Amino acid sequence: MPRAKLSVRMPERAWIAQLSRDHPDARFRVLAAMPIDGGGTGLVEVTAEDPDAIVAEMREFDGIDSVEKLESSGDTALVQFHTGQPFLLITAREAGLPLRPPVDICGGVASVWATGSPERLSAFAEQLEAFGMPFEVDRVTPEVDPASLLTDRQREVVTTAVRMGYYETPRRASLTDLAGELGVAQSTCSETLHRAESAIVRAFVEELPEGDVESGRPLFK
């Protein structure tokens, strides 16, 4: 199942678009959001030189019904809010597509991860266009099931290595200790562990921007 990262330009009338454009050096990270009471509620982390001043500005926007600052420390403030303009929530709901937090918003542009079938992603694209939210597709990667990365034997070796402290610094167990625990030759243990580590590292690298993967079929129809 493909996973897409989109850069979505929020509508001019959206409060978070206006606020993030007024403060281009600030980052608004939506950690959680859900539809409720004809709108949406969520948690947003505001990172800026003076986050409390931005929170005070949030209270002045017509598009925000309530703002509650939960905590503030240094350049970061955590805020719970309710809005009648949950544009991304509405578009995702209409497409039947869950969005994966966090959603970062800077300068009026939201960085969004969405996972679903090509049909669902296509429906999401149509909803974004219908709401006047132009977007660009930054990345497309396959959704990887961690359980499918390793064989049963590789999984056993890796989990035993973790349990015995092989990956701790300093190590609490050597390769010899690990092989003894598993009842295999040291060379066999080393090769199995190396293959497992290689699979894990490759999967990690594919998640980086340099590791973009072509889906092999159109994402948006």
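Computed from a predicted model, the values in this text were never measured in an experiment. (Residues numbered from 1 in each chain as written. Predicted model: local features only at pLDDT ≥ 70, side-chain atom pairs only at ≥ 80, totals over all residues. Heavy atoms only, no water.)

S.K.: Can you help me understand the pattern of salt bridges in this one?
M.R.: Working definition: two side chains of opposite charge can pair if their charged atoms are close together. Under the criterion given, the structure shown has 10 salt bridges. Between Glu 94 and Arg 93 there is a salt bridge, with the nearest N and O atoms lying 3.7 Å from each other. The class of Glu 94 is partly exposed, set by a relative accessible area of 47%. With a closest N to O distance of 3.2 Å, Glu 191 and Arg 195 form a salt bridge. Of this pair, Glu 191 and Arg 195 both sit in helix 7 (residues 186-206), 4 residues apart, which is roughly one turn of that helix. (Salt bridge = Lys/Arg side-chain N within 4 Å of Asp/Glu carboxyl O. Buried < 20%, exposed > 50% of the residue type's maximum accessible area, 1.4 Å probe, protein only. Helix = DSSP H or I, 4+ residues; strand = E, 2+ residues; numbered from the N terminus.)

S.K.: What is the right way to read the packing of aromatic side chains from this model?
M.R.: Any two aromatic rings considered together are summarised by their centre-to-centre distance and by the angle between their planes. All chains considered together, the criterion is met by 2 aromatic pairs. Between the aromatic rings of Tyr 166 and Tyr 167, the centroid separation amounts to 5.1 Å while the plane-to-plane angle is 85°, which identifies the pairing as edge-to-face. Lying across the ring of Trp 113, Arg 3 places its NZ or CZ 4.6 Å from the centre. Sitting over the ring of Tyr 166, Arg 171 keeps its end group 3.9 Å from the ring centre. (Phe/Tyr/Trp six-rings, centres within 6.5 Å; stacked < 30°, edge-to-face > 60°. Lys NZ or Arg CZ within 6 Å of the ring centre and 35° of its normal.)

S.K.: Help me understand the packing of helix 3 (residues 87-95) against helix 4 (residues 118-130), please; the structure alone is not making it clear to me.
M.R.: Axis angle and axis distance: for two packed helices, these are the angle between their axes and the distance between the axes, and together they describe the pair. Their axes nearest at 8 Å, the elements helix 3 and helix 4 cross at an angle of 140°. What the angle tells us is that helix 3 and helix 4 run oblique. Where helix 3 crosses over helix 4, the two elements pack in a sense that is right-handed. Contacts between helix 3 and helix 4 involve Leu 88, Thr 91, Ala 92, Glu 94 and Ala 95 from the first element and Arg 120, Ala 123, Phe 124, Gln 127 and Leu 128 from the second. Across the contact of helix 3 with helix 4, the residue classes tally to 6 nonpolar, 2 polar and 2 charged. (Axes fitted to C-alpha atoms, helices over the stretch in contact; angles between N-to-C directions. Parallel < 35°, antiparallel > 145°, perpendicular 65-115°, else oblique. Left-handed = near helix turned anticlockwise from the far one by under 90°. Contact = heavy atoms within 4.5 Å. Nonpolar A, V, L, I, M, F, W, Y, C, P; charged D, E, K, R; others polar.)

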